[in-house]
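# Descriptive structure summary
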Amino acid sequence: MYAFNYHRPASLADAAKLLGSATDGKFLAGGQTLLPTLKQRLASPSDLVDLNGIAELNGITVSGGSVTIGATTRHAAVAASAEVKKAIPALAKLAGGIGDPQVRNMGTIGGSLANNDPAADYPGAVLGLGATIHTSKRKIAADDFFTGMFETALEEGEIITKVEFPIPKRAGYVKFPNPASRYVMVGAFVAETANGVRVAINGAGPCVFRHKEMEAALSKSFSADALKGIKTDPGSMNNDIHASSEYRAHLVGVIAKRAVQAALG
């Protein structure tokens, strides 16, 4: 690990100021990707600005038909929240299945979304529920936030402050995890919301995406049988040492049906 300057600001304004004055600064949330990268000397930022000392970025509130989660809230806190379990059980289940206990007790929702790893869980929930990402500068709809592999709509110096999830009529999340790392090889978050049915597929492709054909079928009949015969193009799937693109395309159909079944209880 290369040497760097460490800062722990107490406000968003101070965090933005510190990053702006750094030669090559990075924000630190849970550090689940950033710290291993630094340890392997694959990056050498001049400054790390730790966001965990900013009180307003942490916590969970449920009101007005939505669940709002602060950016530095740990996965374990979301999984254990009685309010989240009652309002959006699928979201609590998703959080409880991320990585292992060490990851769940350090990783944050804001860090996960800003990193946008193809194998991350939270992007599926955000896109599947049609959440709104609040930042230090604006609000970004889920459909506009994820732009590509490890890429988002966030601008330089922009900080995720919280994520607002509308409470759906019902929702389900199922993933096929890598047996060693428990990262998502294929995941499906299915939700029946006030604005219609949404199906988000994560892990399968370079970036989380909505499966519009499945959404149309489930809008007519919210049942696993409605997805029979729907195929996914292998050409748009990841192809690596963990699974071929053809296998992932097949899994999309299998996992999506299970997610519908989970939503139906």
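Placed above this text is the structure.
Residues numbered from 1 in each chain as written. Predicted model: local features only at pLDDT ≥ 70, side-chain atom pairs only at ≥ 80, totals over all residues. Heavy atoms only, no water.

### Remarks on helix H8 (residues 122–129)
- Summarising burial for H8: 8 of the 8 residues are buried, a large majority.
- Among the residues trailing H8, Gly130 stands out with phi positive, at a value near 65 degrees. (Buried < 20%, exposed > 50% of the residue type's maximum accessible area, 1.4 Å probe, protein only. Helix = DSSP H or I, 4+ residues; strand = E, 2+ residues; numbered from the N terminus.)

### Quick word on the nonpolar core
- In this structure, Leu91, Leu113, Tyr122, Val126, Phe146, Phe165 and Phe189 are the most contacted members of the largest nonpolar core, which totals 38 residues.
- Excluding anything up to four places from it in sequence, Leu113 contacts Tyr122, Pro123, Val126, Ile133, Phe145, Phe146, Thr152, Ile160 and Val163.
- Membership of the second largest hydrophobic core comes to 24 residues, among which are Phe222, Leu227, Leu251 and Val252. (Core = buried A, V, L, I, M, F, W, Y, C linked by side-chain atoms within 4.5 Å. Contact = heavy atoms within 4.5 Å.)

### Some words on the pattern of salt bridges
- This structure, assessed with the given rule, holds 11 salt bridges.
- For Lys175, the salt bridge goes to Asp121, with nearest N and O atoms at 3.3 Å. With a gap of 54 residues between them, Lys175 in strand E11 (residues 170–177) and Asp121 in the loop between helix H7 (109–115) and H8 connect regions that are remote in the sequence.
- Taking relative accessible area as the criterion, Asp121 reaches 4% and is therefore assigned buried.
- Two residues, Lys137 and Glu155, come together in a salt bridge whose shortest N-O distance is 3.8 Å. (Salt bridge = Lys/Arg side-chain N within 4 Å of Asp/Glu carboxyl O.)

### Some words on the sheet that holds strand E5 (residues 66–70)
- The 5 strands are arranged E4-E5-E10-E6-E7 in an open sheet whose pairing can be described as antiparallel. Each edge of the open sheet is held by one strand with a lone partner, namely strand E4 (60–63) and strand E7 (139–141). Strand-to-strand twist in this sheet, taken as the mean axis angle between neighbours without regard to direction, amounts to 20 degrees.
- As paired strands, strand E6 (residues 132–135) and strand E10 (residues 160–166) are joined by 4 bridges and run antiparallel to one another. Bridge pairing in E10 places Thr135 opposite Ile160. (Pairing = 2+ DSSP bridges. Axes fitted to C-alpha atoms, helices over the stretch in contact; angles between N-to-C directions.)

### A closer look at the pairing of strand E2 (residues 25–28)
- In the sheet, E2 pairs with strand E3 (residues 47–50) via 4 bridges, with the strands oriented parallel. When the bridges of E3 are listed, Phe27 appears paired with Val49.
- Viewed along the sheet, the connection from E2 through helix H2 (residues 34–39) into E3 turns out right-handed. (Right-handed = clockwise from strand over helix to strand, strands pointing away.)

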